[in-house]
Amino acid sequence: MNSEANQQEALIQEAAAFLASWRAHPNAQPPSDEECSNRLEAIRVQIAKTGTYVHTARELEFGARLAWKNSNRCIGRHLWKSLEVRDCRELHTEENKEERTIEALKSHMVDAFRDGKIKSVVSVFAPRIPGQPDPVRMANHQLIRYAGFDGAGDPDSLTITAHFLRVGWKPKEQGDFTPLPWQFFWDEWPGAVHDVFHHQPELIQEVHLTHPENPAFEALKLKWYALPVLSDLALKIGGIVYPFAPFNGYYMGTEIGARNLADTGRYNALEAVANCFDWDTSDDRTLWKDRALVELNRAVLHSFDQAGISIGDHHNLGANFESFCQHESGENRVVPGDWTWLNPPLSGPQTPQFHRDYDNTVCEHTNFFYQPTLWEEAKPSSGCPFHL
Ligand code: ARG
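Keep in mind that what you see is a predicted model, and the values were worked out from it rather than measured.

Conventions used here
- Per chain, the residues get numbers from 1 upward, laid out in the order the sequence is written.
- Reporting of local features is limited, given that this is a predicted model, to residues whose pLDDT is at least 70; pairs of side-chain atoms are given and counted only at 80 or more, and all residues count toward the totals for whole chains, interfaces and linings.
- Side-chain metrics in this entry use all non-hydrogen atoms of the structure; hydrogen atoms and water are not considered.
- With a 1 Å grid laid over protein atoms only, a set of points is called a cavity when a 1.4 Å probe fits there but cannot get out and a pocket when it is open yet has protein on both sides within 12 Å along at least five of seven lines; lining residues have an atom within 4 Å of a point.
- Grid points are joined across faces, edges and corners, and a volume is the space filled by probe spheres set on the points.
- Each helix corresponds to a stretch of at least 4 residues labelled H or I by DSSP, and each strand to a stretch of at least 2 residues labelled E; elements are numbered beginning at the N terminus.
- Three categories are distinguished: nonpolar for Ala, Val, Leu, Ile, Met, Phe, Trp, Tyr, Cys and Pro, charged for Asp, Glu, Lys and Arg, and polar for the others, with Gly belonging to the last.
- The aromatic pairing rule takes the rings of Phe, Tyr and Trp, using the six-membered ring of Trp, and pairs them if the centres are within 6.5 Å, calling planes under 30 degrees apart stacked, those over 60 edge-to-face and the rest tilted.
- Relative accessible area decides the class of each residue, using a 1.4 Å probe on protein chains only: under 20% of the type maximum gives buried, over 50% gives exposed, and in between gives partly exposed.
- Any carboxyl oxygen of Asp or Glu that lies within 4 Å of a side-chain nitrogen of Lys or Arg is treated as forming a salt bridge with it.
- Here a residue counts as near a molecule or strand whenever at least one of its heavy atoms sits within 4 Å of it.
- Polar contacts, as counted here, are pairs of nitrogen or oxygen atoms within 3.5 Å of one another; within protein the pair requires one atom able to donate a hydrogen and one able to accept it, and residues that are adjacent in sequence qualify only if both atoms are side-chain atoms.
- Method for areas: the Shrake-Rupley scheme with a 1.4 Å probe, in which residue coverage is limited to the protein chains shown.
- Criterion used throughout: strands pair if DSSP finds at least two bridges between them.
- Note on definitions: a residue-residue contact is assigned when non-hydrogen atoms from the two residues lie within 4.5 Å.
- Angles run from 0 to 180 degrees between N-to-C directions of axes, and those axes are lines fitted to C-alpha atoms, restricted for helices to the stretch in contact.

### A few points about the layout of surface pockets
Point 1. The space that makes up the second largest pocket amounts to roughly 550 Å³.
Point 2. For the second largest pocket, the lining is made up of 24 residues, of which Q7, R128, P130, G131 and V241 are closest to its centre.
Point 3. Contributing elements (two or more residues each) for the lining of the second largest pocket: α1 (3-23) and β12 (240-242).
Point 4. For the lining of the second largest pocket, the element with the most residues is α1, which contributes 6 residues.
Point 5. Its residues assigned to classes, the lining of the second largest pocket shows 9 nonpolar, 8 polar and 7 charged.

### Quick look at the packing of aromatic side chains
Point 1. Here the structure, examined in full by the defined rule, presents 23 aromatic pairs.
Point 2. Ring centres of F164 and W169 lie 6.4 Å apart, and the angle between their planes is 75°; this geometry places the pair in the edge-to-face category.
Point 3. Residue classification places F164 among the buried positions, given a relative accessible area of 0%.
Point 4. One aromatic cluster in this structure is built from F125, W182, F184, W186, F197 and F244.

### Regarding the pattern of salt bridges
Note that side chains of opposite charge can pair when their charged atoms are close.
Point 1. Summed over all chains, the structure comprises 23 salt bridges.
Point 2. E84 serves as the salt-bridge partner of R86, at 2.7 Å between the closest nitrogen and oxygen.
Point 3. Judged by its relative accessible area of 19%, R86 falls in the buried class.
Point 4. Its relative accessible area of 22% is what places E84 among the partly exposed residues.
Point 5. The closest approach of N and O atoms between R137 and D134, which form a salt bridge, is 3.7 Å. In this pair, the class of R137 matches that of D134, namely buried.

### Comments concerning the site of the ligand
Point 1. By nearness alone, every residue bordering the ligand is listed as Q142, R145, Y225, P228, L230, G249, Y250, Y251, E255 and N260.
Point 2. Q142 places a side-chain nitrogen or oxygen 2.9 Å from an oxygen atom of the ligand.
Point 3. In this structure, a nitrogen atom belonging to the ligand sits 2.7 Å away from a main-chain N or O atom of Y250.
Point 4. Coverage of the ligand by the protein amounts to 73% of the 350 Å² it exposes when considered alone.
Point 5. The class makeup of the residues in the shell around the ligand is 5 nonpolar, 3 polar and 2 charged.

### Overview of the sheet that holds strand β10 (residues 229-230)
Point 1. The strand order across the open sheet built from 4 strands is β1-β2-β13-β10, with neighbouring strands paired in mixed fashion. At either end of the open sheet lies a strand with only one pairing partner, and these are β1 (84-87) and β10.
Point 2. Relative to strand β13 (residues 247-248), β10 runs antiparallel, the two sharing 2 bridges. Directly across from L230, in β13, lies its bridge partner F247.
Point 3. This element, helix α3 (residues 57-69), spans β1 and β2 (121-124) of the sheet and lies at about 130° to β1.
Point 4. Each of β1, β2, β10 and β13 is contacted by helix α4 (residues 97-113), which is oriented at about 165° to β2, the strand it contacts most.

No statement about biological role is implied by the geometric values presented.
Here you go:
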């Protein structure tokens, strides 16, 4: 068999595996035996003719939810059935595709934020067609993310910020919390840079951190955005790859309080936190870092709660995830997982995850995947940056 035939056969196998997986979820209204074999036959014909196949609306919806359920590193998967799936597969065919796409992302953000009662949403854009450049992708890691400059902002964003500055972004300030602009790639060619949040700051909901007991904490002027919308992962359903499918959940407090604001390679705020409690930071053995971590995490949860914005903590999410695993095993389904990610960066052994093993096998046919960035190599003035 030549390699094209191999690829087509692999795609059929992944489509079949997806349908089988759906059938293992009887409560999700899977297709019947007969519907399945008819559908597979139709998929076969479509693939032979076009090299790919097109998901029905129901396949897209269940598939995106299943991709979340199959994400081994995610602790929030008990909510997988509530994911709202938006079909944006045709937007790139519109004449004003850039404006339409920006509009779709803005309404995703507003509807997902839902005045603080955050709802999980995924917007699924055009699928990859084998042998062709991806119709639409985004440079951004998340729809909302703070820039990283020399000596200010989020060090995690240093390289992408350098990229944006290189292609003409003029930030109004280079501060610690300057939101990055957006950039799309159309057929893998870089599009314009849009400073969306400069023009519509109200689109970013942020939470200023205060501490439940220590008024000095506020002076640290720490804050974080409310809505994590991952925009650089590829969604794969039954072998079909959607290279642009931004999705959000709500935060778990430790993501912000024990990593984003605390890591030495990120905002590195623990010493400042300790200082506002007047603790001696000269000796690590006093565990001032550990105490500061706890107080910073308390401040994150307290501030989100005060603002009326959804946020999980590692105890409630840990307990929910454990009940979810038990429920699934009662249905004879295994919840695969990555122990190193399911354990929180704070108090791991106080959650059920620490005391369990997980099967870390990755479900290949339906999942979310990392993919190489387009912008790191993108040089607008040089040749065509295809990556196939
Ligand atoms: N850890 C990432 C961050 O801090 C977000 C990853 C997704 N998190 C989520 N709760 N859905 O921005």
